[in-house]
Amino acid sequence: MLDQQLLRNEYKSIGKKLKFRGLDFDESAFENLESRRKSIQSDTESARNRKNHLSKQIGSAKASGADVSELMGQVDRVGAELETLEKQFTEVQEEFQAFLSEIPNLAHESVPVGQSEDENEEIRKVGEPRSFAFQPKDHVSIGEQLGMLDFQLGATLAGARFVVIRNQLAALHRAISQLMLDVHTREHGYEEVNPPFIVNAGILYGTGQLPKFEEDQFHLKDARDFYLIPTAEVPLTNIVKDRIVDLSELPMKFVAHTPCFRKEAGSYGKDTRGMIRQHQFEKVELVHIVKPDESYLALEELTSNAERILKLLGLPYRVVVLCTGDMGFSAAKTYDIEVWLPGQQKYREISSCSNCEGFQARRMKARWRNPVTRRPEPVHTLNGSGLAVGRTFIAIMENYQNEDGSIDIPEVLVPYMGGTKRIEL
RNA sequence: GGAGAGGUGGCCGAGCGGUUGAAGGCGCUCCCCUGCUAAGGGAGUAUGGGCAGCCCCCAUCGAGGGUUCGAAUCCCUCCCUCUCCGCCA
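Small disclaimer: the values here were computed from a predicted structure and weren't measured.

What counts and how
- Residues numbered from 1 in each chain as written.
- Chains lettered and ligands numbered in written order.
- Predicted model: local features only at pLDDT ≥ 70, side-chain atom pairs only at ≥ 80, totals over all residues.
- Heavy atoms only, no water.
- Core = buried A, V, L, I, M, F, W, Y, C linked by side-chain atoms within 4.5 Å.
- Buried < 20%, exposed > 50% of the residue type's maximum accessible area, 1.4 Å probe, protein only.
- Helix = DSSP H or I, 4+ residues; strand = E, 2+ residues; numbered from the N terminus.
- Contact = heavy atoms within 4.5 Å.
- Phe/Tyr/Trp six-rings, centres within 6.5 Å; stacked < 30°, edge-to-face > 60°.
- Lys NZ or Arg CZ within 6 Å of the ring centre and 35° of its normal.
- Pairing = 2+ DSSP bridges.
- Axes fitted to C-alpha atoms, helices over the stretch in contact; angles between N-to-C directions.
- 1 Å grid on protein atoms, 1.4 Å probe; cavity = no way out; pocket = protein on both sides within 12 Å on 5 of 7 lines; lining within 4 Å.
- Points joined across faces, edges and corners; volume = space filled by probe spheres on them.
- Lys, Arg positive; Asp, Glu negative; His and termini not counted.
- Salt bridge = Lys/Arg side-chain N within 4 Å of Asp/Glu carboxyl O.
- Polar contact = N/O pair within 3.5 Å; in protein donor to acceptor, adjacent residues only side chain to side chain.
- Domains from an automatic or database assignment.

Asks: Even after reading the chapter, I still don't get the nonpolar core, so can you show me in this structure?
Replies: The tendency in soluble globular proteins is for nonpolar side chains to be buried as a group. Ranked by internal contacts, the top residues of the largest apolar core, which has 53 residues, are Leu169, Leu172, Leu413 and Ile423. In terms of residues, this core owes the most to one element, helix α6 (residues 167-186), which gives 9 residues. Discounting chain neighbours no more than four positions away, the residues touching Ile423 are Leu146, Met148, Gln168, Leu169, Leu172, Ser406, Ile407, Ile409 and Met417. Core analysis: the second largest hydrophobic core is formed by 18 residues, Met1, Tyr11, Ile14 and Ile40 among them.

Asks: Sorry if this is basic, but what is going on with the packing of aromatic side chains here?
Replies: Any two aromatic rings considered together are summarised by their centre-to-centre distance and by the angle between their planes. Within this structure, the stated rule accounts for 9 aromatic pairs. Look at Phe132 and Phe134: their rings are 5.4 Å apart centre to centre, the planes differ by 75°, and that puts the pair in the edge-to-face class. No difference in accessibility class separates Phe132 from Phe134, as the two residues are buried. Seen in terms of ring centroids, Phe329 and Phe359 are 5.4 Å apart; in terms of plane orientation they differ by 80°. Their pairing is edge-to-face. Here Phe329, found in the loop between β10 (317-321) and β11 (333-341), pairs with Phe359, found in helix α10 (residues 359-364); they are 30 residues apart in sequence, far enough to count as distant. For Phe359, a relative accessible area of 0% gives the class buried. Every member of this aromatic cluster is reached through a ring pair, and the members are Tyr11, Phe25, Phe30, Phe96 and Phe99. Across the ring face of Tyr190, the terminal group of Lys253 is positioned such that the distance to the ring centre comes to 5.0 Å. Over the ring of Tyr205 we find Arg363; its NZ or CZ atom is 4.5 Å from the centre of that ring.

Asks: It is not clear to me how the pairing of strand β12 (residues 346-355) should be interpreted in this structure. Could you clarify?
Replies: One face of the sheet, then the other: side chains in a regular strand alternate in exactly this way. Buried residues dominate β12, accounting for 7 of its 10 residues. Where β11 meets β12, 9 bridges bridge the pair, whose relative direction is antiparallel. The residue of β12 that forms the bridge with Leu341 is Lys346. Hairpin connection, β11 to β12: the antiparallel pair is bridged by 4 residues, and Gln345 has positive phi, about 55°. Here β12 runs beside strand β15 (residues 380-388); their pairing, made up of 3 bridges, is antiparallel. Of the residues in β15, the one forming a bridge with Asn355 is Leu382.

Asks: How should the sheet that holds β15 be read in this particular structure?
Replies: Sheet strands associate in pairs through backbone hydrogen bonding, adopting either a parallel or an antiparallel arrangement. The strand order across the open sheet formed by 8 strands is β1-β10-β11-β12-β15-β9-β8-β4, and the pairing between neighbours is mixed. Across the chains shown, the open sheet's two edge strands, defined by having one partner strand only, are β1 (121-126) and β4 (191-192). Across 5 bridges, β10 lies against β11 in antiparallel orientation. Bridge assignment links Val320 to a residue of β11, and that residue is Asp336. Contacting β1, β8 (252-261), β9 (280-290), β10, β11, β12 and β15, helix α9 (residues 295-313) runs over the sheet at an angle of about 5° to β15. Contacts from helix α11 (residues 389-399) reach β8, β9, β11, β12 and β15, with the element oriented near 35° to β15.

Asks: Mind showing me how you'd approach the layout of surface pockets here?
Replies: Over the atoms rolls a probe the size of a water molecule, and in doing so it shows where empty space is left. Quantified by volume, the second largest pocket comes out at close to 450 Å³. Around the second largest pocket sit 21 residues that line it, and Met1, Arg362, Arg363, Lys365 and Pro378 are the ones nearest its centre. Sorting the residues of the lining of the second largest pocket by element identifies α1 (4-20), α7 (201-207), α10 and β14 (376-378) as the ones contributing at least two each. Among the elements that line the lining of the second largest pocket, the one with the most residues is α10, at 4 residues.

Asks: When you look at the side chain of Arg363 in this model, what are you seeing that I'm missing?
Replies: Relative to the helices and strands, Arg363 resides in helix α10. In this structure, Arg363 is buried with no salt-bridge partner, the nearest side chain bearing the opposite charge being Glu102 at 7.8 Å. For Arg363, the side chain forms a polar contact with the main-chain oxygen of Leu210, separated by 3.0 Å.

Asks: Please explain the domain arrangement of chain A as it appears in this structure.
Replies: The domains assigned to chain A are domain 1 (26-101) and domain 2 (117-423). Placing the centre of domain 1 and that of domain 2 at their C-alpha centroids yields a distance of 49 Å.

Asks: Please clarify how the sheet that holds strand β13 (residues 367-369) should be interpreted in this entry.
Replies: In spatial order, the strands read β7-β13-β14; together these 3 strands make up an open sheet with mixed pairing. Single-partner strands in this sheet number two, and they are β7 (244-245) and β14. Where β13 lies against β14, 3 bridges are found, and the strand directions are antiparallel. The residue bridging Arg367 from the neighbouring strand is Pro378, located in β14.

Here it is, written out as structure tokens:
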């Protein structure tokens with residue numbers, strides 16, 4: 001959520017900036033809503049003020065034994081007036097909240113302006129795609145040939161966009177997440193967290209998935225308004241919800257390995273082959289909670305922490321900065337890390353690292369006490385995949401494949417595989 | 001599942017129908033004292049919102065309703081925490 005004060009004072013220039021993000025900000029609708037809000041709010045508050053005063057007078061009059069019937073009549077009239085005003089005020093407030101909660105974050109000034117992913121900018125490229133002496137296969141062919149990747153069974157057990165990973169490949173998948181957790185906790189200073197995989201609606205509101213992206217979430221059929229998490233960003237970031245954290249607690253750095261559940265509602269027909277886009281996948285997620293003036297440094301750190309995994313695994317990748325039109329709802333700036341997939345002859349997203357600045361913090365009421373202003377101010381929150389386990393798994397299969405259909409295990413993973421150096425039939 | 005207790009400011013903790021937005025303590029900030037990180041004295045210190053701003057106004061004592069001229073205090077519903085018993089991975 002944007003800073004309300006800022007929006008009120010600078011809605012014209014903010015409206016223009018939001019256009020870059022693909023939102024058509026209706027200026028006159030906002031002006032209209034604001035002027036209604038203002039007059040109703042001040043009327044309501046002054047009526048309440050009169051009522052409060054009268055009630056106090058009644059109290060002291062009664063104490064001194066005076067007659068209060070005149071005052072009672074007055075308070076009756078004010079009370080009736082207040083009732084209708086309060087109703088109107090509640091309505092206009094809800095309208096304002098609904099309006100505000102669907103506005104995306106503003107892009108940082110360093111973010112390139114653009115409409116779609118075509119206008120993202122490559123920042124750096126690391127590693128060279130391997131040249132194969134044979135036609136490299138994609139992970140689906142490799143996995144099915146090994147009999148360790150079963151999409152048919154996934155469909156039987158659940159439906160489309162599910163897979164069953166078996167045997168040595170399942171072990172590889174597990175090894176990858178263990179390596180990531182170990183590197184981030186032991187070498188990058190993250191606190192390991194094992195959060196709930198189910199959260200309530202208020203938590204999803206805090207990180208920005210609700211109310212606008214309800215259709216992407218798996219909503220449980222239960223009276224308690226439960227949702228499956230679409231990413232560990234949700235529970236990890238909300239660790240500071242409703243808190244005023246002490247300066248000494250910052251920065252906080254959390255890492256968690258969790259399943260992620262997504263409906264992929266808007267992606268019919270996209271990435272239907274293979275494991276690229278599943279309803280359930282695993283991810284190792286990194287979250288930073290930091291002081292505002294350190295958040296852009298933290299974004300670089302977080303991104304490099306994610307890159308480190310790709311370097312250890314020897315996978316070629318590139319880093320792109322997303323343009324204004326391609327960024328997620330809550331982000332002010334996002335780096336995507338894309339890994340080379342020989343099966344597709346393409347770089348594909350394997351991590352997305354974002355600085356959300358105070359956008360999520362304002363929704364969550366997550367604050368720190370600024371020693372300069374002595375006031376509570378929103379913290380800055382960042383998140384990034386470190387990395388998506390399923391996609392890392394695919395990348396290893398495709399990049400480390402041999403002509404005979406076997407897969408070499410990257411050296412760093414061998415200890416996590418009980419010494420296995422190659423997966424073969 | 002059964003039986004109890006409880007949810008108050010950054011934290012701890014009083015208050016149980018009206019000068020209580022909330023005692024007291026801790027913490028924090030400033031000042032004084034003290035020949036130097038101890039002790040003592042004084043002052044200040046909730047959050048959000050209205051407003052260009054305020055010593056002004058409004059809201060907030062888990063959440064939502066209700067009773068009342070007036071609710072942190074009374075009633076109802078829900079959520080959460082703790083203790084004991086039962087059950088269970």
